[in-house]
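# Close look at the chain arrangement
Single-letter residue listing:
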Amino acid sequence: DVKVTQSSRYLVKRTGEKVFLECVQDMDHENMFWYRQDPGLGLRLIYFSYDVKMKEKGDIPEGYSVSREKKERFSLILESASTNQTSMYLCASSFDWNEKLFFGSGTQLSVL
Amino acid sequence: AQSVAQPEDQVNVAEGNPLTVKCTYSVSGNPYLFWYVQYPNRGLQFLLKYITGDNLVKGSYGFEAEFNKSQTSFHLKKPSALVSDSALYFCAVRGIGTGGFKTIFGAGTRLFVKA
């Protein structure tokens, strides 16, 4: 089975800190995604990547950046964390655009 | 722009009764549609997808979904609900970005199945 691993299950950070969320997949998938999940809003796409070093903004990229230096790893960066970035962050990957997404377990980030 | 709407925040159904979770979509071109489920304290799991072909798609755990092009709907159904089906359900559509495709999700519908 495909495994998508997110480095932390829970994370607590302070306002203004730089935060790194790491995601690794083990199935050589081309596409990787970062979403945030908030009650009543569903999953909103922050950034996605369709190849190494290639990235594209999703629907809510403000305050975030990403890095994909290797195919298996996709990092989400909060340049200066703010309280409104408190959320559940989900990483996903897929082999092809028509294929299902495989999700990690999520990182619950709290910014105080 | 592509979008997905799940008009019900919550659906309540008695065990053994049929269930329907509604989804409508808006997308340019041919729709590629998905349903995912999120059980408490677990990640999202794929249930089923519609790419082309038969309008009735069968998926995991006895779920199926009916694609209706004229109504731009993709409702999730199950003939007989189980208490263990209680979860958060997301409809999703493949959308088009600048350099690639992206999957866009609805807000989710919480399903409660009562024994």
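The structure contained in this document is the topic of the report that follows. Just so you know, these numbers come straight off a predicted model, no measurement behind them.

Further remarks concern the state of the cysteines. Residue and element names in this part refer to chain A. Here the structure, examined in full by the defined rule, presents 2 disulfides over all chains. Here Cys23 connects covalently by a disulfide to Cys91, the sulfurs 1.9 Å from one another. Disulfide Cys23 to Cys91: torsion about the S-S bond roughly -75°, handedness left-handed. Residue Cys23 is located in strand β4 (residues 23-25), and its partner Cys91 is located in strand β10 (residues 87-94); the two are separated by 68 residues in the primary sequence. Both residues of the pair, Cys23 and Cys91, count as buried.

Bringing the environment of Val27 of chain B into the picture now. Residue and element names in this part refer to chain B. Residue placement: Val27 occurs in the loop between β4 (24-26) and β5 (33-38). Separated by 25 residues in sequence, Val27 and Gln2 have C-alpha atoms that sit 4.4 Å apart. Those residues within four positions of Val27 in sequence are excluded, and the remaining contacts are Gln2, Val93 and Arg94.

Another aspect to go through is the side chain of Asp38 of chain A. All names here are of chain A. Inspection of the secondary structure assignment puts Asp38 in strand β5 (residues 31-38). Here Arg36 takes part through its side chain, which lies 2.8 Å from a polar atom of the side chain of Asp38. Not counting residues within four places of it along the chain, the set of residues in contact with Asp38 comprises Arg44, Thr86 and Ser87.

In summary, the side chains of a regular strand alternate between the two faces of the sheet. All names here are of chain B. Of the two faces of strand β2 (residues 10-14), only one is covered, namely that formed by Val11 and Val13; the face formed by Gln10, Asn12 and Ala14 stays uncovered. Examined bridge by bridge, β2 and strand β12 (residues 109-114) share 5 bridges and lie parallel to one another. The residue of β12 that forms the bridge with Ala14 is Lys114.

Below, the discussion takes up the interface of chain B and chain A. Counting from both sides, the interface comprises 23 residues of chain B and, opposite them, 20 residues of chain A. Carbon and sulfur atoms supply 54% of the area buried between chain B and chain A, which totals about 1,800 Å² over both sides. Area buried by chain B at its contact with chain A is led by Leu44, Lys102 and Phe105 of chain B, which between them contribute 26% of it. Counting across the interface, chain B meets chain A through 2 salt bridges. Between Glu99 of chain A and Lys49 of chain B there is a salt bridge, and its shortest N-O distance comes to 3.5 Å.

Calculation notes
- Residues numbered from 1 in each chain as written.
- Chains lettered and ligands numbered in written order.
- Predicted model: local features only at pLDDT ≥ 70, side-chain atom pairs only at ≥ 80, totals over all residues.
- Heavy atoms only, no water.
- Disulfide = S-S within 2.5 Å.
- Helix = DSSP H or I, 4+ residues; strand = E, 2+ residues; numbered from the N terminus.
- Buried < 20%, exposed > 50% of the residue type's maximum accessible area, 1.4 Å probe, protein only.
- Contact = heavy atoms within 4.5 Å.
- Polar contact = N/O pair within 3.5 Å; in protein donor to acceptor, adjacent residues only side chain to side chain.
- Pairing = 2+ DSSP bridges.
- Buried area = accessible area lost by both parts, 1.4 Å probe.
- Salt bridge = Lys/Arg side-chain N within 4 Å of Asp/Glu carboxyl O.

This is a description of form; function is not addressed.
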